[in-house]
Amino acid sequence: MRRVAIVGVGQTEHRFRRDDVTYPELAREAVAVALEHAGLEVGDVEAAVLALAPDALMGVAHAERWVAAALGVAGKPFMRVNTGGSTGITTAHAAFYHVASGMFDCVLAAGADRVGESGDAQLVLNTMWDVLYERPFPLNAINMLALQAVRYMAKYGTTEYHMALAAVKNRRHALKNPYAHLRKEVTVEEVLASRVICWPIKLFDACPQSTGGCALVLCSEELARRLPGPKAWIDGVGNCAETYFMGDRMGPAAEHDHADADALAEAIARAYRQAGIQDPRREIDVAELYAPFSNIELHAIEAARLCDKGQAGWLLEKGEFHFGRRQPVNPSGGVLCANPIAVTAMVRVAEAALQVMGHAGERQVDGARTALATGIGGDHQFYGAMVLRAE
């Protein structure tokens, strides 16, 4: 397997709406930035992988047909990927395998989403549940994770206050990120006083509905070495799927406890093994963890083995995982501050790559040489991880 590097990163600003561009133009905007960052032209791209939301959210059937030419890859190998919220990192994985396998030397991973413009996205997301067993409850993308929060609090003794600490941290981090959708600082008191969506998740514990695009240019080592700019070497990738049925993660007979993220932990462990990471608390300099609700960041930190299970909330209380501390988590503001779903997990990879390249601007973590990015999709079911390193 060949070494692979990310040599170009592109993002658009993430907002609620972008009425000035069509979907293909939004994706193209991110691609143009990524190619310029890499010092390459679209003619250098040999294949492309597209991160694309389900047709029901897009409002266009088989929207990949709409996008290929706009990205400049008509006539080249092209693949569409969707694994829910983890789509962006799954797309990055697919592009990685394209290059690592020796099939191509330069591959584009790209996509965009317009979540804020799809009407009530929650009505579409609710249809992911099994018709007979689980949809009648009714489960949705919010209350399934509210159940996780309740179980986590019961198991480890944390409170809504600890969830609020994660939200406050990420909002503060987003002030340094010009791409973030939500760039307004909040206090713990404001988070706790915000409207309850599904207890214990409140409005300020939740991610926004964002519109935006993201793109990555991945190259083989041979080609990457010929390019002048810094590279983010992909030294480890990992993926793991959890059981589909929520009920199988609850109760005394459950193999995995819904409080924790054991499948995410396994995906990350696979990436760590490939990258030779043995002590994440010492070896990971910065982490971009997919967490659409504040409670999810707590068990994502633990799944990454940045602390013991049940300890993330208490460490946040001491100021750990903040920008300026030893191991900052989501210095971009994370998913809580920008969530264009189809590319949200790709943004995690993009931000991690920028960190090890030294190109993260005001949110740059001093001395960041090894970074972790993760993604979560489906009904908290699909998990991906990637370890990136500087030269």
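This text goes with the structure placed above it.
The following refers to the structure shown. Nothing here was measured: the structure is a model prediction, and the numbers come from that model.

Concerning the pairing of strand 4 (residues 106-114)
With nine of its nine residues buried, strand 4 lies for the most part within the structure. Covered by surrounding structure in strand 4 are Cys106, Leu108, Ala110, Ala112 and Arg114 together with Val107, Ala109, Gly111 and Asp113, the residues of both alternating faces. Summarising the sheet, strand 4 and strand 7 (residues 211-220) pair through nine bridges and their orientation is antiparallel. Considered in strand 7, the bridge of Ala109 is made with Leu216.

Structural notes on the sheet that holds strand 3 (residues 78-81)
Working definition: the strands of a sheet are paired by backbone hydrogen bonds and lie parallel or antiparallel to each other. Reading across the sheet, the nine strands line up as 3-2-4-7-1-8-11-10-9 and stay open at both edges, with mixed pairing between neighbours. In this open sheet, the two edge strands, each paired with only one partner strand, are strand 3 and strand 9 (286-288). Sheet twist, expressed as the mean angle between neighbouring strand axes with direction ignored, is 25 degrees. Of the strands in this sheet, strand 1 (4-11), strand 2 (47-51), strand 4, strand 7, strand 8 (232-241), strand 9, strand 10 (370-377) and strand 11 (382-389) are in contact with helix 14 (residues 341-357), which crosses strand 1 at around 115 degrees.

What to know about helix 4 (residues 87-100)
End to end, helix 4 covers 20 Å across 14 residues, agreeing with the expected 20 Å (1.5 Å per residue, within 8%). Counting buried positions along helix 4 yields 13 of 14 residues, so the element is predominantly enclosed. Positive phi shows up at Gly102, right after helix 4, with a value of about 95 degrees.

A word on unusual backbone geometry
With omega at 5 degrees, the peptide bond leading from Trp199 into Pro200 counts as cis. Here Pro200 is to be found in the loop between strand 5 (196-198) and strand 6 (201-202). For Asn330, which is not glycine, the phi dihedral falls at a positive 55 degrees. One non-glycine residue, His380, lies in the positive phi region at around 55 degrees.

Points about the layout of surface pockets
In this structure, the largest pocket encloses a volume near 910 Å³. Around the largest pocket sit 45 residues that line it, and Gln122, Leu125, Ala141, Asn339 and Ile341 are the ones nearest its centre. Taken together, the elements giving at least two residues each to the lining of the largest pocket come down to helix 5 (121-125), helix 6 (143-156), helix 14 and strand 10. A per-element tally of the lining of the largest pocket places helix 5 first, with four residues. Residue composition of the lining of the largest pocket, grouped by class: 27 nonpolar, 13 polar and five charged. Around the second largest pocket sit 11 residues that line it, and Leu57, Met58, Gly59, Arg114 and Glu117 are the ones nearest its centre. Those elements that provide at least two residues to the lining of the second largest pocket are helix 2 (55-58) and strand 4. The greatest single-element share of the lining of the second largest pocket, amounting to three residues, is contributed by helix 2. Residue classes in the lining of the second largest pocket are distributed as five nonpolar, three polar and three charged.

Parameters and conventions
Residues numbered from 1 in each chain as written. Predicted model: local features only at pLDDT ≥ 70, side-chain atom pairs only at ≥ 80, totals over all residues. Heavy atoms only, no water. Buried < 20%, exposed > 50% of the residue type's maximum accessible area, 1.4 Å probe, protein only. Helix = DSSP H or I, 4+ residues; strand = E, 2+ residues; numbered from the N terminus. Pairing = 2+ DSSP bridges. Axes fitted to C-alpha atoms, helices over the stretch in contact; angles between N-to-C directions. Contact = heavy atoms within 4.5 Å. Expected span 1.5 Å × (residues − 1). 1 Å grid on protein atoms, 1.4 Å probe; cavity = no way out; pocket = protein on both sides within 12 Å on 5 of 7 lines; lining within 4 Å. Points joined across faces, edges and corners; volume = space filled by probe spheres on them. Nonpolar A, V, L, I, M, F, W, Y, C, P; charged D, E, K, R; others polar.

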